[in-house]
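Each chain is listed here by its residues.
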Amino acid sequence: MAGWARAAVLVLALLLVGKGAALPVRRQEVDDPFRPGCVTAGAPRDGDGVINVHIVSHSHDDVGWLKTVDQYFYGANQSIQHAGVQYILDTVVAQCMINPDRKFTYVEMAFFQRWWNEQTPHMRDVVRGLVASQQLQFINGGWSMHDEACTHYVSMIENTGLGHRFLKEELDYIPRVGWQIDPFGHSATQAALLSAEVGFDALYFARIDWQESKVRTAAKSMEMVWRASESLGPAAEVFTGAFLDGGYGPPPGFDFDGMPVMDDECMADENSQAYVEKFVAAALRYAGNTRGETGTKNVMFLMGSDFQYENADMWFNNLDKIIHHVNADGRVNAFYSTPPEYTRAKYRENRTWAVKTDDFMPLADSKNSYWTGFYASRPCLKRYERVQAGYLQAARQIQLLANLKVDKHVKQQLRDGKPWYRFWHGIDRHDMDPLAAAVSLNQHHDAVSGTEMQHVAYDYAMRLAAGGAVADMAALDGLRALSGLPVTEPLVFCKLLNESVCLPSSTSDGFHVLIYNPLSSSRLHIQRIPLSPPSASDGLAWEVSENGVEGGVESASLPSAVVPSTATAGPLQLLQNAKDASALEIVFEASLQPFTLHTFTVRKRTSPQESVTNAPQPSGTVHTPSSSHESGRGPVPGAWFDATVAREKGSPAGSHSPAGHDTRAPRKTKTLPVHARVQAEKGKIVEIGNGRVRVGFDAVTGLLASLVREDEGIAISLSHNFFWYEPAQSPNEQASG
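The present account deals with the structure reproduced in this document. (Residues numbered from 1 in each chain as written. Predicted model: local features only at pLDDT ≥ 70, side-chain atom pairs only at ≥ 80, totals over all residues. Heavy atoms only, no water.)

### Focus on the overall build of the chain
A count of helices and strands for the chain gives 18 helices and 23 strands. Restricting the contact set of the chain to residue pairs at least 6 apart, pairs at least 24 apart contribute 74%. Total accessible area computed for the chain in this model is approximately 33300 Å², and 57% of it derives from carbon and sulfur atoms. (Helix = DSSP H or I, 4+ residues; strand = E, 2+ residues; numbered from the N terminus. Contact = heavy atoms within 4.5 Å. Areas by Shrake-Rupley, 256 points an atom, 1.4 Å probe, with all protein chains shown as cover.)

### Comments concerning the sheet that holds strand 12 (residues 523-530)
Sheet strands associate in pairs through backbone hydrogen bonding, adopting either a parallel or an antiparallel arrangement. As summarised here, the arrangement of the three strands in space is 12-16-15, forming an open sheet in which the pairing is antiparallel. The sheet is open, and its two borders are formed by strand 12 and strand 15 (560-564), each paired with just one other strand. When the angles between neighbouring strand axes are averaged without regard to direction, this sheet yields 30 degrees. Strand direction decides the pairing type here: strand 12 and strand 16 (residues 584-592), joined by eight bridges, are antiparallel. Along strand 16, the bridge assignment pairs His525 with Ala590. (Pairing = 2+ DSSP bridges. Axes fitted to C-alpha atoms, helices over the stretch in contact; angles between N-to-C directions.)

### Quick notes on the environment of Val563
Tracing the sequence through the fold places Val563 in strand 15. Val563 gets classed as partly exposed once you look at its relative accessible area, which sits at 24%. A sequence separation of 32 residues divides Val563 from Leu531, and the C-alpha atoms of the two residues are 9.7 Å apart. Setting aside chain neighbours within four positions, we find Val563 in contact with Arg528, Ala583, Leu584, Glu585 and Val587. (Buried < 20%, exposed > 50% of the residue type's maximum accessible area, 1.4 Å probe, protein only.)

### Section: the state of the cysteines
Per the stated rule, a full pass over the model turns up one disulfide. The side chain of Cys494 participates in a disulfide bridge whose partner is Cys502; the two sulfur atoms lie 2.2 Å from each other. What sets the handedness of the Cys494 and Cys502 disulfide is the S-S torsion sign, and at about 75 degrees it is right-handed. Pair check on accessibility: Cys494 and Cys502 agree, each one buried. (Disulfide = S-S within 2.5 Å.)

### Things to note about the environment of Pro533
Mapped onto the elements of the fold, Pro533 is located in the loop between strand 12 and strand 13 (542-546). Taking relative accessible area as the criterion, Pro533 reaches 33% and is therefore assigned partly exposed. Remark: the alpha-carbon pair of Pro533 and Ser582, spanning 49 residues in sequence, is separated by 7.6 Å.

### Considering the environment of Val93
Among the secondary structure elements, Val93 is positioned in helix 3 (residues 85-98). Taking the relative accessible area as the measure of exposure, Val93 reaches 5% and is therefore buried. Sequence-distant contacts of Val93, defined by excluding residues within four places in its chain, comprise Trp115, Met123, Val126, Val127 and Leu130.

### Things to note about the sheet that holds strand 22 (residues 704-709)
On the basis of which strands lie adjacent, the open sheet formed by four strands has the order 20-21-22-23 and antiparallel pairing. At either end of the open sheet lies a strand with only one pairing partner, and these are strand 20 (685-689) and strand 23 (714-717). On average, each strand axis in the sheet is inclined to that of its neighbour by 15 degrees, with strand direction left out of account.

### A short note on a nonpolar patch on the surface
Taken together, the side chains of Leu707, Ile714, Ile716 and Leu718 make up a nonpolar region of the molecular surface, amounting to roughly 280 Å² of accessible area. Within the secondary structure, Ile716 sits in strand 23. (Patch = residues over 30% accessible without salt bridge, like charges linked within 9 Å, V, L, I, M, F, W, Y side chains within 5 Å. Salt bridge = Lys/Arg side-chain N within 4 Å of Asp/Glu carboxyl O.)

### Quick notes on helix 9 (residues 272-288)
Along its 17 residues, helix 9 runs 24 Å from first to last C-alpha, staying within 8% of the 24 Å computed at 1.5 Å per residue. Considered for burial, the residues of helix 9 that qualify are Ser272, Tyr275, Val276, Phe279, Val280, Ala282, Ala283, Tyr286 and Ala287. Buried positions in helix 9, seen along its axis, are confined to an arc of 165 degrees and lie on one side of it. (Expected span 1.5 Å × (residues − 1). Arc of directions from axis to C-beta.)

### Notes on the pattern of salt bridges
For the coordinates displayed, the defined rule picks out 37 salt bridges. Two residues, Lys495 and Asp472, come together in a salt bridge whose shortest N-O distance is 2.8 Å. A residue pair is termed long-range when its members are at least 10 positions apart, and Lys495 in the loop between helix 15 (454-483) and helix 16 (503-506) and Asp472 in helix 15 qualify at 23 residues. With a relative accessible area of 12%, Asp472 lands in the buried category. Salt bridges linked by common partners bring Asp70, Arg114, Asp459 and Arg463 together as one network.

Following this line, the structure appears as structure tokens:
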């Protein structure tokens with residue numbers, strides 16, 4: 001009995017020790033007769049004519065689409081779409097720690113940096129270890145996966161640079177592969193500037209025109225060398241791959257959520273061999289559509305899709321089994337891989353590739369299904385993105401020229417308990433970071449493209465406004481420093497000039513106007529500023545003069561005119577701010593030097609003969625950043641579009657200058673109401689030209705109305721409007737687009 005008791009105690013002790021000890025993960029050998037796990041070790045083999053199947057585990061995580069970026073990250077609003085990015089990253093990291101053969105590829109830094117900044121120091125070290133062992137790799141690396149049709153190249157660079165900055169600072173990582181798998185068509189700019197010149201070794205995507213895909217598949221040229229820049233030629237070419245089936249998910253039949261790999265031979269539903277057959281058939285089909293008749297071939301299987309790997313254990317558990325059984329079969333060589341590893345393997349094939357020299361625009365996925373409507377959808381968000389992107393570049397220049405601290409206002413907002421400015425945890429180290437993050441977020445292929453839901457579009461616009469609010473503070477500090485104005489000078493941005501609303505200028509007899517030119521070239525800029533209504537005695541006697549570039553002595557008066565506010569401001573005034581709108585504006589031409597702040601003085605004269613030196617001194621300061629759209633031209637990338645106004649400290653709204661002039665409310669004048677002015681402008685055409693071409697616009701709607709080739713004497717009347725189309729159900733045989 002005593003011996004039995006000792007034996008029982010001994011067995012119990014062994015069980016307890018076994019339960020508490022953490023055993024290291026080991027790679028199982030093929031001939032292991034007890035195989036408690038799967039053999040998942042593997043790598044590309046060269047030289048024996050084998051088909052290497054690179055299994056790329058990935059998740060495509062939209063930073064806004066059906067849900068907002070916050071809802072996607074936290075897994076909120078699941079009634080719209082089940083997706084929670086934080087859980088994807090949690091479970092992927094945990095599963096990669098279990099098996100050192102497993103690898104995962106991630107793309108969107110807007111999500112990853114937020115997750116990163118919620119991790120403990122220990123977990124960050126774990127992630128750094130996964131990156132060092134190349135189990136976790138990053139491709140593309142932008143803040144978002146930017147669109148390529150509606151974006152400007154400056155903002156594409158901004159988006160890529162912000163994400164790459166985070167990766168370099170936190171993980172000392174530099175992405176080497178472009179990954180544009182979901183945008184709706186692909187531009188030459190992406191290939192040359194945002195791939196080859198960024199330093200990428202390759203660029204991969206999914207969507208190309210269905211007809212081109214058909215031709216390329218037959219010619220085995222879905223992988224190619226894209227030489228997209230006519231001027232740079234081979235210096236800006238990049239190896240490019242378009243996915244064979246036009247999507248970025250797994251080959252057909254590999255939906256583990258519906259049908260897992262069941263490899264217990266004692267089970268009636270054992271299906272591992274069926275999976276092997278499907279895998280080998282797909283690999284042979286991919287290889288058959290890849291260039292080269294002999295030698296080793298490398299093909300890539302994407303295992304993942306939109307917001308996949310929230311249950312990473314399910315994915316990796318099934319992929320482990322597939323790798324084990326496929327390699328035991330021996331017909332193909334399967335292993336965990338990443339796009340950078342696949343690219344290196346393709347380089348080693350040393351083949352001659354077809355050369356592509358144009359772009360992949362527009363996109364069509366069938367005869368009557370051109371993806372072109374998004375070129376013009378949500379025009380307000382498209383313009384707001386351009387405005388804020390230009391403002392971001394100009395504000396940075398001012399901050400630099402004024403030699404300001406780069407993080408003063410971000411830190412102040414946090415100290416003041418205003419975390420709503422801080423949309424991107426950890427990235428807000430500089431005053432421009434909130435706006436840079438918002439601008440980069442809006443480059444997403446479901447943001448500026450206009451393909452998102454309405455509440456998501458509102459969220460994108462709100463982030464642009466909030467980021468701009470922090471940038472405003474830094475820009476105003478810079479303007480005061482550059483102009484020599486005192487710190488107490490209450491500069492104000494007037495952002496409603498398109499509505500003829502600017503209270504400091506429309507309630508004052510005099511003010512300063514600050515205009516900064518962020519462009520590298522000189523320009524003539526037409527500026528319009530709302531004015532206070534005239535009294536019966538002084539009529540329309542206003543004048544404009546420019547101070548020296550460094551805020552010195554005023555020059556002689558500049559040509560100017562007082563005119564009614566524009567007809568296009570009328571409908572906007574009816575929607576909002578009608579009580580603050582001005583019926584009159586002063587218009588003058590400003591000659592602006594590159595990267596220079598100019599100061600102008602606008603003031604009312606008591607009599608037309610009064611000299612400049614005897615005129616009343618300004619009672620306010622208006623900052624109006626250089627805005628090309630105010631002069632009738634479209635936005636210029638990098639220009640500062642929104643305007644600003646300030647009043648002297650202590651000068652109440654509605655007062656005149658402190659030089660002893662009348663401070664009573666201005667008298668009412670007989671000005672045409674808004675709707676009457678709109679009616680009066682109907683039918684009028686406003687023309688601009690350069691001596692060779694003259695373009696006419698409707699004075700009320702602003703739509704294109706006429707085009708004249710003056711050098712050839714050709715005149716064309718045009719009808720321009722906005723419409724929608726329904727091509728998918730059209731019985732018309734004529735292809736859309």
